[in-house]
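Chain residues, written in single-letter form:
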Amino acid sequence: MAVHTEEESIPQDMTIQIFSWLPIKSLMRFKCVSKFYNSLVVESNFVDLHLFHYFKINGGDTMLIACIKDVCYAIEEHDEDGNATMHQTENLFKLYNHINDPVDYNCFECDNGLFCIWDVKYNEWDVKYIAICNPTTKEGEFVKLICVGTLESSD
Amino acid sequence: MASSSSSSKTGLKKMLTLKSSDGDEFELEESIVIQCQTIKHMVEDGFSLIPLQNVDTKTLTKIIEYMKKHAEKTESNKEEIKNFNKEFVKGSFDDQFELVSAANYLHINGLMDLLCQSIADRINNKSVRAVREIFNISNDYTPDEEEKVRDEHKWAHEGGEFDESLD
């Protein structure tokens, strides 16, 4: 069966609607479909639409996502009794391996599903590691290596 | 709740006529048709014959079938509606795309969600090549570029064989 005749193509706004219902793994795979889809996936309107549909499918609202060691948890609130449940989501990007001293890391979530992670045991002479990561796409990036205070000049 | 459009109080149900792009006319109760936002606005503007130039008879018949069923929705027939939906989304990709296009034009949000989600489910496990074929998307990558994008997200390409079929 021929799926389409040559001149027919699906309007882009329709494919965007359809793609916004895909799980993240397929979405990342379909970045290879064409350059348009490569950039679409990280476009902020699309990310919002995808998140909106993701919540529709999974039900409940994801309130907060916490990262403990290299595992990422979504904390969801039940509508009725307000009890929070915690679900383990995908393994976080191997951020952990990039950090020399595996201690605990603090984390907060930004609006758009990105996370900022930093070293809990930070003190003013330490080098502070800050990473921005997106656990759903498993992308991580160190944005800054900040030296706070003065680095010791001698041992 | 206050409703300004309660025109069927007399017992006489208000009827509307939908006309497909092929010229076929369908007479329906207003209460069924107002699920569709586009038509609802036209009804509010006083239209009773509604020409739908972007929707052919075949597609309109399916859309009406959907609206009729969903107008019957109550607390007790949830399972029945669910089964109806399941049947409704069967059919070739081409037919589904026609329906998405019509649902989008008519602003039937529930139908739009149903169709898009079901198509997404169907392509979820497809290969990149199959997706290009199904949506008629041309590949504008050079082989090197494509390889690079693939390498950036290797994990997304792992985990078994992807479906190459186009249906």
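Small disclaimer: the values here were computed from a predicted structure and weren't measured. (Residues numbered from 1 in each chain as written. Chains lettered and ligands numbered in written order. Predicted model: local features only at pLDDT ≥ 70, side-chain atom pairs only at ≥ 80, totals over all residues. Heavy atoms only, no water.)

Overview of the interface of chain A and chain B
Inference 1: Contact residues are listed per partner, giving 37 residues for chain A and 40 residues for chain B.
Inference 2: Taken over both partners, the interface formed by chain A and chain B buries close to 3,300 Å², and the fraction arising from carbon and sulfur atoms is 66%.
Inference 3: At the surface where chain A touches chain B, the tally comes to one salt bridge.
Inference 4: Counting the contacts that link chain A with chain B gives ten residue pairs in polar contact (both at pLDDT 80 or more).
Inference 5: Of all elements in the fold, only α1 (12-19), α2 (24-29), α3 (35-40) and α4 (44-58) of chain A reach the threshold of two or more residues within the side of chain A that touches chain B.
Inference 6: Counting residues per element, the side of chain A that touches chain B draws most heavily on α1(A), at six residues.
Inference 7: In terms of residue class, the side of chain A that touches chain B is built from 16 nonpolar, eleven polar and ten charged. (Contact = heavy atoms within 4.5 Å. Buried area = accessible area lost by both parts, 1.4 Å probe. Salt bridge = Lys/Arg side-chain N within 4 Å of Asp/Glu carboxyl O. Polar contact = N/O pair within 3.5 Å; in protein donor to acceptor, adjacent residues only side chain to side chain. Helix = DSSP H or I, 4+ residues; strand = E, 2+ residues; numbered from the N terminus. Nonpolar A, V, L, I, M, F, W, Y, C, P; charged D, E, K, R; others polar.)

Thoughts on the sheet that holds strand β1 (residues 15-19) of chain B
Residues and elements named next belong to chain B.
Inference 1: Spatially, β2-β1-β3 is the arrangement adopted by the three strands of the open sheet, whose pairing is mixed. Each edge of the open sheet is held by one strand with a lone partner, namely β2 (25-29) and β3 (49-51). Going from strand to strand, the sheet's axes swing by 25° on average, the running direction of each strand aside.
Inference 2: Here β1 runs beside β2; their pairing, made up of five bridges, is antiparallel. Residue pairing in the sheet places Met-15 in a bridge with Glu-29 of β2.
Inference 3: Set on the sheet, helix α2 (residues 37-44) makes contact with β1 and β3; between it and β3 the angle comes to about 135°. (Pairing = 2+ DSSP bridges. Axes fitted to C-alpha atoms, helices over the stretch in contact; angles between N-to-C directions.)

Here we look at the UniProt feature "domain: SKP1 component dimerisation" (unreviewed entry) in chain B
Inference 1: Here, UniProt's "domain: SKP1 component dimerisation" (unreviewed entry) annotation points to residues 110-156 of chain B.
Inference 2: The annotated region residues 110-156 of chain B carries 68% helix and 0% strand content, and the separation between its end C-alpha atoms amounts to 30 Å. (UniProt positions renumbered as here; feature names shortened; annotations may be inferred.)

Overview of the pattern of salt bridges
Inference 1: All chains considered together, the criterion is met by twelve salt bridges over all chains.
Inference 2: Note that B:Glu145 is salt-bridged to A:Lys35, the shortest N-O span being 3.5 Å. Within this pair, whereas B:Glu145 is found in helix α8 (residues 143-152), its partner A:Lys35 is found in helix α3, the two belonging to separate chains.
Inference 3: For B:Glu145, a relative accessible area of 32% corresponds to the partly exposed category.
Inference 4: On the basis of relative accessibility, which here comes to 38%, the residue A:Lys35 falls in the partly exposed class.
Inference 5: Among the ionic pairs, B:Glu75 bridges to B:Lys78, the shortest N-O distance being 3.4 Å. Each member of the pair B:Glu75 and B:Lys78 is classed as exposed.
Inference 6: When salt bridges that share partners are traced, they join B:Lys69, B:Glu72 and B:Glu80 into one network. (Buried < 20%, exposed > 50% of the residue type's maximum accessible area, 1.4 Å probe, protein only.)

A word on the pairing of β1(B)
Residue and element names in this part refer to chain B.
Inference 1: The turn joining β1 and β2, which pair antiparallel and follow one another in sequence, is formed by five residues; a positive phi near 95° is taken by Gly-23.
Inference 2: Looking at chain direction, β1 and β3 are connected through three bridges and run parallel. By the bridge assignment, Lys-19 is partnered in β3 with Pro-51.

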